[in-house]
Amino acid sequence: MRRWRIGLVVVAVGLLLAGCGVAHERSARSVVPDTPVGLPVGSRLTLPLTTLDPDRQVLHVLSRLAYGPRPGDVERVRAMGLAAWIERQLEPERIPDELVERRLGAYPTLRMTTAELFQEFPRPDPAASTRRREAMLSGEAPMRDAMAGEAGLGGPPRIATELAAARLERAVWSERQLEEVLVDFWFNHFNVFAGKDAVRWMVSAYEREAIRPHALGRFRDLVLATARHPAMLFYLDNWMSVRDGLIVPSGPNQGQRRGLNENYARELLELHTLGVDGGYTQADIVETARAFTGWSIDYQGTRQFLYRPGAHDDGEKRVLGHALPAGGGEGDGLAVIDIVTRHPATARTIATKLARRFVSDQPPLAVVDRVARAYRDTDGHVRAMMRALVTAPEFWSEAAWNAKLKKPLELVASAARALDARPGSEIGRRSAGFHLARATSRLGEPLFYAQPPTGHPDTAEAWMNTGTLLARLNFAVALAHNRLPGVRVDLEGLLGDADRRRPEAVLDRLLAVTLHGQVSARTRETLIAQLHDAAGVRRTAGGQGAADTDVGNLAALVLGSPDFQRR
Amino acid sequence: MSGYVRRSFVKGGALALCGLATGTGIPRFLVRSAYAGPTRRRPKVLVAVFQRGAVDGLGMIPPHGDAAYYAARPSIAIRPPAAGTPETALDLDGFFALHPALEPLKPLWDARQLAIVHACGSPHPTRSHFDAQDYMETGTPGVKTTRDGWLARGLLARAATAASPFRAVAVGPQLPRALRGDAGALAMQTLRDFDLGVDGSGTGSGMDARRAFEALYASRGQDVIHGTGRETFAAVKMLKAADPQRFEPAHGARYPRTDFGEKLRQVAQLIKADVGLEVAFVDIEGWDTHAGQGNERGQLANRLADFARGLRALALDLGDRMEDVVVLSMSEFGRTVRENGNLGTDHGRATAMLVLGGPVRGGRVYGRWPGLAPEQLFEGRDLEVTTDFRQLFTEVAWHHLGVPNQANVFPGFAPSSETLPGVLMSGRVS
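A few words now on the overall build of chain B. Summing up its helical and strand segments, chain B has twelve helices and eleven strands in all. Within chain B, the fraction of its 430 residues that count as buried is 60%. Counting contacts in chain B only where the partners sit at least 6 residues apart, residues at least 24 apart contribute 74% of the total.

To continue, consider the packing of helix α13 (residues 263-272) of chain A against helix α14 (residues 282-291) of chain A. Residue and element names in this part refer to chain A. Between α13 and α14, the shortest axis-to-axis distance is 8 Å and the interhelical angle comes to 120°. Judged on the interaxial angle alone, α14 and α13 are oblique. The two elements α13 and α14 meet at a crossing, and its hand is right-handed. Between α13 and α14, the residues in contact are A265, R266, L268 and L269 and D284, I285, T288 and A289, respectively. Within the contact of α13 with α14, the residues separate by chemical class into five nonpolar, one polar and two charged.

A few words now on the confidence of the model for chain B. Close inspection of predicted coordinates is inappropriate for parts of the model with low pLDDT. All names here are of chain B. Scored by pLDDT, chain B has a mean of 87; 86% of the residues are at 70 or more. Counting interchain partners and residues more than four positions distant, the pLDDT-below-50 stretch residues 1-25 has 45 contacts. Low confidence marks residues 29-40, where pLDDT is under 50. Its contacts with residues over four positions away, or in another chain, come to 19 contacts. Across the interface, the model reports ipTM at 0.80; the global pTM reads 0.86.

Our next topic: the nonpolar core. Residues V371(A), L389(A) and L479(A) are the most contacted members of the largest nonpolar core, which totals 294 residues. With twelve residues, helix α11 (residues 299-318) of chain B is the single largest residue contributor to this core. Excluding its chain neighbours within four sequence positions, the residues that come into contact with L479(A) are A415(A), A416(A), L419(A), A421(A), L484(A), V487(A), V489(A) and L559(A).

Turning next to the interface of chain B and chain A. Taken residue by residue, the interface counts 57 residues in chain B and 59 residues in chain A. Counted by class, the side of chain B that touches chain A contains 22 nonpolar, 21 polar and 14 charged residues.

Turning our eyes to something else, we now look at the environment of L246(A). Residue and element names in this part refer to chain A. Mapped onto the fold, L246 is located in strand β3 (residues 246-247). In sequence terms L246 and A311 are 65 residues apart; their C-alpha atoms lie 7.2 Å from each other. Look past the residues within four positions of L246 in its chain and what remains in contact with it is R258, G259 and A311.

A few words on the pairing of strand β8 (residues 325-330) of chain B. All names here are of chain B. Within β8, six of the six residues are buried, which leaves it mostly tucked inside the rest of the structure. Residues V325, V327 and S329 of β8 are buried on one face, and the alternating residues V326, L328 and M330, pointing to the opposite face, are buried as well. Sheet topology note: the strand β1 (residues 45-51)/β8 ladder contains six bridges and is parallel. If you follow V47 over to β8, its bridge partner there is V327. Sheet analysis places β8 next to strand β9 (residues 351-357), joined by three bridges and oriented antiparallel. Paired with V327 across the bridge in β9 is L356.

Turning next to the packing of helix α8 (residues 157-173) of chain A against helix α10 (residues 199-211) of chain A. Residue and element names in this part refer to chain A. Two numbers describe how α8 lies on α10: the axes approach to 7 Å, and their chain directions differ by 30°. Comparing their axes, α10 and α8 come out roughly parallel. Of the two elements, α8 crosses α10, and the hand of that crossing is left-handed. Across the interface between the two elements, P157, I159, A160 and L163 of α8 pack against R200, W201, V203, S204 and E207 of α10. When grouped by side-chain class, the residues that make up the contact of α8 with α10 number six nonpolar, one polar and two charged.

Let us now look at the environment of L334(A). Residues and elements named next belong to chain A. Assignment of secondary structure puts L334 in helix α15 (residues 331-341). Given 17 C-beta atoms within a 10 Å radius, L334 is considered partly exposed. Through-space distance from the C-alpha of L334 to that of E87 is 32 Å; in sequence the pair is 247 residues apart.

This next bit is on unusual backbone geometry. All names here are of chain B. Unlike most non-glycine residues, R112 shows phi in positive territory, near 60°. Along the chain, the position of R112 falls in the loop between α5 (106-110) and β4 (114-121). Assessed through the 13 C-beta atoms surrounding it within 10 Å, R112 is described here as partly exposed. We note that A119 has phi near 55°; this positive angle belongs to a residue other than glycine. By secondary structure assignment, the location of A119 is in strand β4. According to the C-beta neighbour criterion, A119 is buried, with 26 such atoms within 10 Å.

Here is what the cut-offs are and how they apply
- One numbering rule holds for all chains: residues counted from 1, following each sequence as written.
- Naming scheme: in the order in which they are written, chains are lettered from A and ligands are numbered from 1.
- Selection of residues for local features in this predicted model requires a pLDDT of at least 70, selection of side-chain atom pairs for listing and counting requires 80 or more, and totals for whole chains, interfaces and linings are taken over all residues.
- Only runs of H or I of at least four residues qualify as helices and only runs of E of at least two qualify as strands under DSSP, and these elements are numbered from the N terminus.
- Think of it as a crowd count around each C-beta: if 20 or more other C-beta atoms lie within 10 Å the residue is buried, if 12 or fewer it is exposed, and in between it is partly exposed, with C-beta placed from the backbone throughout.
- Working definition of a contact: two residues with C-beta atoms, positioned from the backbone, lying within 7 Å.
- What counts as an axis is a line fitted to C-alpha atoms, over the stretch in contact for a helix, and the angles between N-to-C directions run from 0 to 180 degrees.
- Any angle that is under 35 degrees is reported as roughly parallel, and any over 145 degrees as roughly antiparallel; angles of 65 to 115 degrees are reported as roughly perpendicular and all others as oblique.
- Here a crossing is called left-handed whenever its near helix is offset anticlockwise from the far helix by less than a right angle, and right-handed whenever the offset is clockwise.
- Residues are grouped as follows: Ala, Val, Leu, Ile, Met, Phe, Trp, Tyr, Cys and Pro are nonpolar; Asp, Glu, Lys and Arg are charged; all remaining types, including Gly, are polar.
- The predictor attaches a confidence to each residue, called pLDDT, with possible values from 0 through 100.
- What we call a nonpolar core is a set of buried Ala, Val, Leu, Ile, Met, Phe, Trp, Tyr and Cys residues whose membership is set by joining through C-beta atoms within 7 Å.
- A strand pair is defined by DSSP finding two or more bridges across the two strands.

See below:
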């Protein structure tokens, strides 16, 4: 079998970068300097040999480290060189991203603090909430539809609705693609549920402050930032966890007895770090919970993290064999974070999850070992783990090619990118992001509304079933026929000079644009058979003249094909 | 009417098969029914309700006769029964009671259609939601490599009543692990959206695009995508013919306008439309009450109100059809006996499961009560499991769904008729 060297073209990136923008926004990008200051010229990444041919190498990278190729992306990456493109994605702060930043201006809640959001979107009157719940339970009121976003336009649900819309806009139009993929990955790893009471107001700050800044940073910083964030403290109840037997000194609950809450401690060990088989015991969970007592929220004031010394259990603790001497105070939690993030089980858990996301649902042990080693060697640096991952032979193997089923967010974003969808000028109810997020929700992945702390799953078995397949096909039809409000696709433009009177030419052009020729023989044969059927051909008005190709239907069939469901 | 509808399904199935003649990929449900053969019998239906997040069995079915219950829960215990006093526990047998929010289920208890299995749970002591849910759904506690679910294995082990892709349906965006496997279960979010919206381009080519999509998925691909696709198109056709949405809730039933209520309403529609449904699977979330659980009112009470009103509406709506229906509630584990420092409860061991329906020997609480005194607790903190959930699930599989006793529904577990709880009429006489 022929083996290819990856990324042979190692070039100075200067001029090529200028060509990497969204094609239709090229004029807006001319203000960008050709060579961002300090960007390394050439590449430090050495990619392994692979049997994937150069075309597939590029597509593989664009569908794993990005939300799929837009028209022209394959050529741009090839010209730049794979290794250089990956290097660039590993340093997102150096990539100009003005188009999407301008778009995000339409979502004001993204820039507001949690305290400001509580002011802007006051908590509904509790009596009214009770009345509404009673009406729902008795079958009298209409259903609440916050998750689909209908009710999410006014009132507190608007916060998560705008955040989801922004996520989709970034997934489709941001140049910092790998960062977006990792923000989604880490959010699900450290999931919070926007449907749980106060989290509704905190979820936007959570993504902005705890997840996004560390997406390619240190794992320990992610653990620390999430552990101290009000959204996580509230979601997993740690803000109320206090030393056992504490008598509430004042306030409405004065004189009542309070104590430990194990919720955060358990998920920290089970999900965030060691993993369920990571070797901890129930006693470790209790000791961990003791260590984090007092890590709380200034709930009535700033709505920010607040350490409450009076609530902390200052006794000696023992976590995973490490002694924490008495009197550690707020430092006890920091000590536990050090212990768990340096634990080899954590390296393995994080490596396995990354490999599952970027390689395959059941990743080979070799790639897990390699990424885990990178974790241990660098004290958990995400960028180093990603470098280990993309330089692993397993990442470039035939077994990894097209091995992942796109989850709903990936399907929606990659379809919009494949057809070079453009956002309309509408904002709010009609914005592109809003409607793309709603489509994602219909496909089964309501962003920020995964209730369990595992977040949305990352394997095929969770995402492929009859109901969601229909939703995928319906989304393909809506997008291709320009029936998704706020989003416009220009199929005529994509087809260029392909002869509309020759359906096969139109089909081949569509397959080239969306699947870059990587289509199974059977899918192509089936599609060609449709061309001679009415599905692919539109009769002209009054049956005059030669039949015209039904481009919308054909595009919908391609986006709805089994081939497009994989990445 | 129902006879006509059923015949149209058999026809729909044959049509689907013709449509697939180009490939060898035949939907799994048709492969199965090829040797099953048609029958006229109305299928027994199991409605499995998973209370995800670990329901507090001691709040749902309070053991008011156990003095240790009130000692362990100074703030969140349910007030003992006091006839005529609102917001007190509803006595069942002098020892156990219903949470007052379960009041809609009391008439079903009185009519002996509701049984409770208390101190029920998994032999595996994990307190991880996700492992415990997986173990309960695969039916193999402690074994993580089991790829299919207990309900899928149960369905595979017995002949289908009718050839239908609706034999096993999960209402929700995902197929639960209990139904994953080779039984060809399907998931649907809503009946309304379970269609291909291809028309509307104004060209009249909608039906042709539908056929084109079907052709794309009809090929012989053996992966999850192709398999799902073949079943999807067969199901869409049959659903169109059956039109279950024409069935309005009957007998004055009013489903709560909640996720759970909407799901149950659609389960009832599928049952009434005679689409060959044998297992329906419905999730209800929000049971992980670590803080502010509440007592007669509050967080748990609100979830229980949704749960009870939904089940009550289902039973009312189905009327006589409940003779063929068993509702089985389950949850991955129970919660700590003592309330925690935040007036909530942490992850525990045993919980209570409800069995509801015509075939149920109801009006009884089943299982040995291990007691709540500190020395009686598992690891000094949790209600001990005295009924392995597999005993209860086995009884439902054998005596309701008709799964043959020799089928290996719970690998590594050897139940016998003598050890089953006896909650069903057709089961062991106790």
